[in-house]
Amino acid sequence: MQSSPTPPDVAADAVVDFDHHSDTFNLNQHAINAELRQRCPVAWNQNYEGFWYASSYAAVSHMARDGDTFAHKYEPNADDGVDYQGEMGIPRPENQPALGIGEVDGDYHLALRHALAPFLSPGAVDKMRPFMEDRAHHFLDQHIEKGEMDLVLDYASPVPAILTMKLMGLPLANWQLYATLFHNVMAVPQDSAEYTDAIAKVPAMMQEVLEYAATRRAKPTDDLTSFLIQFEFDGKRLDDEQLLNILWNLIAGGVDTTTSQTALTLRHLGTRPDLRQQLIKRPELYRTATDEFLRYFSVNRSLSRTVTKDVELQGQCLRKNDRVIISWLAANHDENEFERADEIVLDRSPNRHVAFGLGPHRCIGSHLARVMSEVMVKAVLDRIPDYEVDVDNVHQYLGNPAMTGLSNLPVTFTPGAKRS
Ligand code: HEM
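No experiment lies behind these values; they were computed from the predicted model shown.

(A) Region of the structure containing unusual backbone geometry. Omega for the bond connecting S349 with P350 falls within 30 degrees of zero, at 0°, which places this linkage in the cis form. Mapped onto the fold, P350 is located in the loop between α16 (328–332) and α17 (366–383). A positive phi is found at D234, a non-glycine position, where the angle reads about 55°. Among the secondary structure elements, D234 is positioned in the loop between β8 (232–233) and β9 (236–237). Although it is not a glycine, Q314 adopts a positive phi angle of roughly 45°. Considering the arrangement of structural elements, one finds Q314 in the loop between β11 (311–313) and β12 (316–318).

(B) View of the coordination of the iron atom of the ligand. Just one protein atom coordinates the iron atom of the ligand, and that atom is C363 (SG), at 2.3 Å. Relative to the assigned elements, C363 resides in the loop between α16 and α17.

(C) Looking closely at the site of the ligand. For the ligand, the set of nearby residues contains 30 residues, the closest of which are G102, H109, R113, H361 and C363. At a separation of 2.7 Å, an oxygen atom of the ligand approaches a polar side-chain atom of R113. Secondary structure elements with two or more residues in the shell around the ligand: α4 (106–120), α12 (240–255), α13 (257–271), β10 (302–307) and α17. Looking at which element gives the most residues to the shell around the ligand, the answer is α12, with four residues. Partitioning the shell around the ligand into residue classes produces 14 nonpolar, 13 polar and three charged.

(D) α12, seen in detail. End to end, α12 covers 22 Å across 16 residues, agreeing with the expected 22 Å (1.5 Å per residue, within 8%). For α12, every residue scored as buried is listed here: L243, L244, N245, I246, L247, W248, N249, L250, I251, G254 and V255. A distance of 3.1 Å separates the backbone nitrogen of E241 from a side-chain oxygen at the start of α12, and that oxygen is part of D239.

(E) Summary view of the pattern of salt bridges. Taken as a whole and judged by the stated rule, the model has 22 salt bridges. One salt bridge in this structure joins R419 and D141, with 3.0 Å as the shortest N-O distance. Placement of R419 in the segment after β17 (410–412) and of D141 in helix α5 (residues 122–141) is noted, with a sequence separation of 278 residues between them. Judged by relative accessible area, which is 38%, R419 ranks as partly exposed. Between D322 and R319 there is a salt bridge, with its nearest N and O atoms 3.0 Å apart. Here D322 falls in the buried class, since its relative accessible area comes to 9%.

(F) Region of the structure containing the nonpolar core. In this structure, L151, Y155 and Y387 are the most contacted members of the largest nonpolar core, which totals 90 residues. Of the residues forming this core, the biggest block, nine residues, is contributed by α17. Non-local contacts of Y155, meaning those with residues more than four positions away in its chain, are made with A136, F139, L140, M149, D150, P160, L266, V375, M376, A379 and V380.

(G) Focus on the sheet that holds strand β7 (residues 148–150). One open sheet holds the three strands; their spatial order is β7-β17-β14, and the pairing between them is antiparallel. For this open sheet the edge positions go to β7 and β14 (388–389), each flanked by a neighbour on one side alone. Bridging between β7 and β17 involves three bridges; their strand directions are antiparallel. Considered in β17, the bridge of D150 is made with P410.

(H) How the structure looks around the sheet that holds strand β4 (residues 70–71). Spatially, the six strands line up as an open sheet ordered β1-β2-β3-β13-β10-β4, and their pairing is mixed. Single-partner strands in this sheet number two, and they are β1 (15–16) and β4. Bridge count between β10 and strand β13 (residues 323–327): five bridges; the pairing is antiparallel. What sits directly across from S304, in β13, is I325. Packing against the sheet, helix α3 (residues 57–65) makes contact with β2 (42–45), β3 (51–54), β4, β10 and β13, and its axis sits at approximately 120° to β13.

Thresholds applied
Residues numbered from 1 in each chain as written. Predicted model: local features only at pLDDT ≥ 70, side-chain atom pairs only at ≥ 80, totals over all residues. Heavy atoms only, no water. Helix = DSSP H or I, 4+ residues; strand = E, 2+ residues; numbered from the N terminus. Donors = N, O, S within 2.8 Å, 3.2 Å for Na, K, Ca; no water. Near = heavy atom within 4 Å. Polar contact = N/O pair within 3.5 Å; in protein donor to acceptor, adjacent residues only side chain to side chain. Nonpolar A, V, L, I, M, F, W, Y, C, P; charged D, E, K, R; others polar. Expected span 1.5 Å × (residues − 1). Buried < 20%, exposed > 50% of the residue type's maximum accessible area, 1.4 Å probe, protein only. Salt bridge = Lys/Arg side-chain N within 4 Å of Asp/Glu carboxyl O. Core = buried A, V, L, I, M, F, W, Y, C linked by side-chain atoms within 4.5 Å. Contact = heavy atoms within 4.5 Å. Pairing = 2+ DSSP bridges. Axes fitted to C-alpha atoms, helices over the stretch in contact; angles between N-to-C directions.

Below, the structure written as structure tokens:
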């Protein structure tokens, strides 16, 4: 971890020193964020060559909305003198494609969002609901007679992988590869053999996605990939790199995020029978409860931005080329925005959480994620309502500041019957 001298115009009480990749930070993150929100909601961290860290709802919302000053794009050789770092955190992971939607800005980004909207609108997602329910129950059926299963590996990981592949039009037969790769890249330690193995599969998977796109280029259907192949911006079709980066962003966004959200929700409900009973007795609560779990866990904990021009924010002077981490998790636990912010309130309303981000880059898959998570949680409470979590054997991964989730979630329950 490299540190750098604090810039002269940063006041001493705005300087912080934590390693956001460390267990110490992650295990105490709520307390550290609460102290920062009080003391200095836009703070300067000297580690990793220096970056700003935004922890209040007001600062995070401001930065997320002002995409011109706080840029997303990844463009290390830009000709305007800004070293755009992209949004995947500090330091940026190597050997992975840039995010074709999350790390582009301006008119091209807007045109892409506009074009993709019909595939991810509430209406389009609602049409996918029966398929989601069918897959959720299918994976429960595989284990329901045994009375034990792993709610991550046997359930919350496969279902979103299959749904995302279906959305893209990708052949479903290979779902295991997609589910395992994205889960392992996030969930296992970066010095483990599983991680090396998962990363080693990325080029082959990218190749497979491109080959699939080539088949759609030759013979388009009505799926999202065929649509992107025909999409034009400024009179030109997308080149292979743009296409791959967009597909990669959709797959990476869709596959393991909802897995984490559902896994953390099910673990929590597994240890809080009162909340579980409320949802079972009053299913109308799912609508607000799903958003409350999104707020509370904020599985996409933080993302980064590049400052494009000198700007003052909350008493701090940020300079062109500075890097910023915005913490969705910290913003979502800000007492100034949410009463009883550290509690789960199933009927919380209004709930202006930023678990899906905010502004021009707000999560394009938010409707899909909400419905997927709700469907998966409800299917578990309907079919195995008395599940018990083997808490000693659950592992939450924390080292990646962009994402948290559970590696596994072993449970036991009263055996039941498969669906007829
Ligand atoms: C619980 C599940 C999910 C969470 C918590 C989540 C969270 C987020 C967040 C915080 C952002 C960044 C917003 C910003 O930088 O301002 C984002 C962007 C994005 N998400 Fe999601 N996401 C989830 C599910 C999904 C799904 C299912 C998809 C697949 C369709 C998806 C695709 C994307 C894409 C493509 C972007 C980039 C959008 C843009 O930059 O314009 N996400 N997501």
